[in-house]
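Structure assessment
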Amino acid sequence: MVIFLMMVHCQQLANLDLQMTGHRFVPALNLKPPIYLYATIDAIPLGEVKWESFSCSYTGKKPESNYPPWMDESYDVWYQDLHQVVHNMLTNPDFVHEMDFRPYWEYSTKGEEHHYRDFMSADWAWDQADKISKDPDTIGATFVPVILGSDKTTVSIGTGNNEYYPLYLSIRNIHNNVQRAHQNTVAVIGFLAMPKTTKEHASDPCFRKFCRQLFHSSLSKILERLRPGMTKPEVVKFGDGHFHRVIYGLGPYIADYEEQVLLTCIVHFWCPCALPQCREYIEELVDVGTYLELWDEFGVVADLIPFTNSFPHTDICQLIAPDILHQLIKGTFKDHLVDWVHKYLLRMHGTREVQRILDDIDHRITAVASFAGLRHFPQGRGFKQWTGDDSKALMKVYIAAIEGHIPVEIVHTFRAFLEFCYIVRQNTITEGTLEKIHDAVTRFHHYCKIFLKIDFTSHGMLNGTCLSAALKALQTKCARTVLALTEELNIPCLPEMICHFLFQQTRPDDPRDASEIPIGKISVFNSACSRFYAPSDLSGIGGMRIEHIHACPVWRNEAPHYDCVFVNVGSEDVGIQGLEVVRICAFFSFNYGGTTYPCAVVRWFNIVGDLPDEDTGMWMVCLACGANNAPLYNIIHVDSIYRAAHLIPVYGRHFLHPSINLHNSYDSFWTFYVNKYADHHAFELAS
């Protein structure tokens, strides 16, 4: 709308305020917009909520002289009107069909298994509705849970270590699929203050208490405009044009461990979730115990007041939600497991040999074939500063890279951890899913005990074989006939395979020889597009995801790129849940009898065993061969392709040859893992 108004104004200037110079029309320099343009823009109902600020300073007792400088300084906190931000989300027409107005319980039609999908299907939302129904003034109101999150963030190290303390907000009436589609469901509503002082006074208990209480007081101030709507319903117009009586409530607070310690007012290294604490329990302790007793025996910082004490039906001890990124992906994986592997190798092999092993692990990571949505690490895991995206990408390939250099117990530890991370991110959690989560946690704690042992020499390594094969010659031209494609792919029987495919498509019950069917010109394609339902991954609002599958003789002017895919074989009793794995050699189509047949030349893999590998939890496949160990090729219809599959070689105990990289790893090994950790949909598919 703003762009349209500016275009109208510019058109008026062009029509009414032109000066002629020779044969050219030049607009006059007076381009100041009229007053009505600003007024119209300001009258637009939708837009960003304006930013406001308030200042905080220390008001406690000061020493008579030589007191620290932080006691005299003022600290600014910037924020948006929380009430207006929530209103904008509720009135957004994009969320009309993607919002729940009441808590609910969902059960399967078979077995009555409880399903947890969106936030309002959880027990906590149901319990809050029970509390609302007990008050005659709030009964029947739509409950709007407000979710908060905060985390100190370093924006740029190169410009002076600029740090910010953003505060995030979301409402969880909105469905998870909208949240994953990044449809403006999360807003930055504030920037909290971060007091600084000299190194001399940084560890002063008075300064540390001030910082903690400043955090809670700032949150209380920012949230105060929402407080009236927590006890008295207000009428709000939603995006569908209907009016609802709504009642607000503070929901789970998403934070990493450092934030959780600050929020719950506990001592560092105490667990905020393991303690049987509640608001009444802590208040009773404060009344009967001394400060030191509470600190040493209960882990409670008694002289702090949580911000939740200012709001009804709110208990911070029951609102702490784990931060998957910081506590699992960056915490458990990066800061613990990866570091433990390095320390284990150092203890077992010494400094010199461990460098050689780590170089080989990095080489294995760089040699992993490319895949849609999978990051490539050209230098392995040897980057200086890890980001959350670095950790999430490395998790997907790390277990196969370290296997063979470490005991199977460590492999089992990584498997249990990865399975936990993928299961908890599933779109729907059932009672059976909860049992799998508990099993993954139990296995993790069982196998991670190996890191506590002193003698590791008794643990054997996995056996494996690294085989090499000749690389295919690069072909830069696209075939236009069957014979040309036969020569390009070096598959002599390709014409007979195409005839047999067409015979099966058109005359499945005809006993005649398939070679009698003539084939004319063909069209070869370098890629195909697959669309499938993957609500647990980043996808559209409807949960649909699109990925491209490549079969290119030259990819980005570097090397060939031939992806692997899952193929539907029509029976769930065969393969991996009815799916086989093949590698695409070429996409092509041809016309016969007025019908176009889109096809793919594929090379088959055989699935090894009837179950996934017991160490890594991943299925294993090997290249399928016919008579005289000849590669097994076939022609399939593209409709039988389900989605792309990512394979990681079974590296074994051998060190990689320097010539192996991501472009030729598929051609250099016979046996592969089907990487179920490539994304959440692959995990559900290949578990």
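Predicted model only: the values in this text are computed from it and were never measured. (Residues numbered from 1 in each chain as written. Predicted model: local features only at pLDDT ≥ 70, side-chain atom pairs only at ≥ 80, totals over all residues. Heavy atoms only, no water.)

Once that is clear, we can look at the side chain of Arg 643. Looking at the secondary structure, you find Arg 643 in strand 25 (residues 641–645). A polar side-chain atom of Arg 643 sits 2.9 Å from a polar atom in the side chain of Asp 679. Here His 681 takes part through its side chain, which lies 3.0 Å from a polar atom of the side chain of Arg 643. When sequence neighbours within four positions are dropped, the list of residues in contact with Arg 643 reads Phe 371, Ser 530, Phe 532, Glu 547, Ile 549, Val 565, Phe 566, Asp 679, His 681, Ala 682 and Leu 685. (Helix = DSSP H or I, 4+ residues; strand = E, 2+ residues; numbered from the N terminus. Polar contact = N/O pair within 3.5 Å; in protein donor to acceptor, adjacent residues only side chain to side chain. Contact = heavy atoms within 4.5 Å.)

What follows is about the sheet that holds strand 17 (residues 527–533). Overall, antiparallel pairing links the 3 strands, which are arranged 17-18-19 in an open sheet. Single-partner strands in this sheet number two, and they are strand 17 and strand 19 (559–562). Ignoring which end each strand starts from, the neighbouring axes of this sheet average 30 degrees apart. Relative to strand 19, strand 18 (residues 544–555) runs antiparallel, the two being bridged by 3 bridges. If you follow Trp 555 over to strand 19, its bridge partner there is Ala 559. (Pairing = 2+ DSSP bridges. Axes fitted to C-alpha atoms, helices over the stretch in contact; angles between N-to-C directions.)

A cluster of nonpolar side chains, Trp 51, Trp 78, Tyr 164, Tyr 168, Val 186, Val 188 and Phe 191, forms an exposed patch at the surface whose accessible area comes to about 640 Å². On the secondary structure map, Tyr 168 appears in strand 10 (residues 166–171). Accessibility expressed as a relative area gives 32% for Tyr 168, which makes it partly exposed. (Patch = residues over 30% accessible without salt bridge, like charges linked within 9 Å, V, L, I, M, F, W, Y side chains within 5 Å. Areas by Shrake-Rupley, 256 points an atom, 1.4 Å probe, with all protein chains shown as cover. Salt bridge = Lys/Arg side-chain N within 4 Å of Asp/Glu carboxyl O. Buried < 20%, exposed > 50% of the residue type's maximum accessible area, 1.4 Å probe, protein only.)

Their axes nearest at 10 Å, the elements helix 11 (residues 388–402) and helix 12 (residues 408–423) cross at an angle of 165 degrees. When the interaxial angle is binned, helix 11 and helix 12 end up roughly antiparallel. The two elements helix 11 and helix 12 cross, and the hand of that crossing is left-handed. Along the contact surface, helix 11 presents Met 395, Lys 396, Tyr 398, Ile 399 and Ile 402, while helix 12 presents Val 411, Phe 414, Arg 415, Phe 417, Leu 418, Cys 421 and Tyr 422. Along the lines of polarity and charge, the residues of the contact of helix 11 with helix 12 split into 10 nonpolar, no polar and 2 charged. (Parallel < 35°, antiparallel > 145°, perpendicular 65-115°, else oblique. Left-handed = near helix turned anticlockwise from the far one by under 90°. Nonpolar A, V, L, I, M, F, W, Y, C, P; charged D, E, K, R; others polar.)

The subject of this paragraph is the sheet that holds strand 15 (residues 429–430). Strands sit in the order 5-6-15 across an open sheet of 3 strands; the sheet is antiparallel. Two strands bound the open sheet, and with one partner strand each, they are strand 5 (106–107) and strand 15. Sheet topology note: the strand 5/strand 6 (residues 114–116) ladder contains 2 bridges and is antiparallel. Looking at the pairing, Tyr 107 lines up with His 114 of strand 6.

As a further point, take the environment of Asp 679. Position of Asp 679 among the secondary structure elements: in the loop between strand 27 (671–674) and helix 17 (680–685). Separated by 145 residues in the primary sequence, Asp 679 and Ala 534 place their C-alpha atoms 9.6 Å from one another. Residue contacts for Asp 679: discarding those within four places in its chain leaves Phe 371, Tyr 422, Asp 537, Arg 545 and Arg 643.

Most of strand 21 (residues 579–592) is tucked away: 12 of the 14 residues are buried. One ladder, built from 5 bridges, connects strand 20 (residues 564–568) with strand 21; its direction is antiparallel. Note that in strand 21 the partner of Val 565 across the bridge is Val 582. For strand 21 and strand 22 (residues 595–608), the ladder comprises 10 bridges, and the chain directions are antiparallel. Across the sheet, residue Arg 583 finds its bridge partner in strand 22, namely Arg 603. In this antiparallel pair of consecutive strands, strand 21 and strand 22, the connection spans 2 residues, and Gly 593 shows a positive phi of 65 degrees.

The next point concerns the packing of aromatic side chains. For the coordinates displayed, the defined rule picks out 29 aromatic pairs. Seen from their ring centres, Tyr 422 and Phe 683 are 5.2 Å apart, and the 25 degrees between their planes marks the pair as stacked. Here Tyr 422 is found in helix 12, whereas its partner Phe 683 is found in helix 17, with 261 residues between them in sequence. Among the residues examined, Tyr 422 registers a relative accessible area of 5% and is labelled buried. Grouped by ring-pair contacts, the aromatic residues Tyr 58, Trp 70, Tyr 75, Phe 207 and Phe 210 constitute a single cluster. Just above the ring of Phe 655 sits the side chain of Arg 356; from NZ or CZ to the centre is 4.0 Å. (Phe/Tyr/Trp six-rings, centres within 6.5 Å; stacked < 30°, edge-to-face > 60°. Lys NZ or Arg CZ within 6 Å of the ring centre and 35° of its normal.)

Attention now moves to the environment of Gly 190. With respect to the element layout, Gly 190 can be found in strand 11 (residues 187–191). Between the alpha carbons of Gly 190 and Leu 82 there is a distance of 9.2 Å; along the sequence they are 108 residues apart. When residues no more than four places from it in sequence are discounted, the contact partners of Gly 190 are Trp 51, Trp 78, Tyr 79, Tyr 165, Pro 166 and Leu 167.

This part covers the environment of Leu 319. Following the sequence through the fold, Leu 319 ends up in the loop between helix 9 (291–298) and strand 14 (320–322). C-alpha of Leu 319 to C-alpha of Thr 264: the two residues are 55 residues apart in sequence and 9.5 Å apart in space.

Another aspect to go through is helix 10 (residues 324–366). In this model, helix 10 (43 residues) spans only 26 Å end to end at C-alpha, well below the 63 Å of a helix rising 1.5 Å per residue. By the largest-angle criterion, Gly 350 marks the main kink of helix 10, which is about 120 degrees. (Expected span 1.5 Å × (residues − 1). Bend = angle between axes of the 7 residues up to and from the residue.)

Once that is clear, we can look at the confidence of the model for the chain. Confidence in the prediction of the chain, expressed as mean pLDDT, is 81, and 84% of residues score 70 or more. Within the chain, the lowest mean pLDDT, 35, falls on strand 1 (residues 18–21), and the highest, 95, falls on strand 27. Taken together, the stretch residues 1–29 has pLDDT below 50 and engages in 30 contacts with residues farther than four places along the chain or on a different chain. (pLDDT = per-residue confidence, 0-100.)

Turning our eyes to something else, we now look at unusual backbone geometry. Positive phi values are uncommon outside glycine, yet Asn 490 reaches one of about 60 degrees. On the secondary structure map, Asn 490 appears in the loop between helix 14 (482–489) and helix 15 (494–506). Phi is positive for Gln 577, which is not a glycine, with a value near 55 degrees. Assignment of secondary structure puts Gln 577 in the loop between strand 20 and strand 21.

To continue, consider the pattern of salt bridges. For the structure shown, the criterion picks out 19 salt bridges. Measuring nitrogen to oxygen at the nearest pair gives 2.9 Å for the salt bridge that ties Lys 196 to Glu 163. On the criterion of sequence distance, the pair formed by Lys 196 in the loop between strand 11 and helix 6 (205–223) and Glu 163 in strand 9 (residues 162–164) is long-range, its members being 33 residues apart. Overall, the relative accessible area of 31% leaves Glu 163 in the partly exposed class. One salt bridge connects Arg 545 with Asp 679, and the closest N-O pair in it is separated by 3.5 Å. Highlighted residues: Arg 545 in strand 18 and Asp 679 in the loop between strand 27 and helix 17, separated in sequence by 134 residues. In this structure Asp 679 comes out as buried when scored by relative accessible area, which is 4%. Linked by salt bridges that have partners in common, Arg 415, Glu 419, Asp 439, Arg 443 and Lys 676 make up one network.

In this fold, Thr 616 is placed in the loop between strand 22 and strand 23 (620–623). A polar side-chain atom of Thr 616 sits 3.3 Å from the main-chain amide nitrogen of Met 618.

On to helix 14. Looking at helix 14, one finds that the buried residues are Val 482, Leu 485, Thr 486, Glu 488 and Leu 489. Along the axis of helix 14, the buried positions cluster into a sector of 165 degrees, meaning they face one direction only. Projecting away from the buried face of helix 14 at angles above 90 degrees are the exposed residues Leu 483 and Glu 487. In the core, the buried residues of helix 14 are packed alongside helix 15, strand 16 (522–525), strand 18, strand 21 and strand 22. (Arc of directions from axis to C-beta.)

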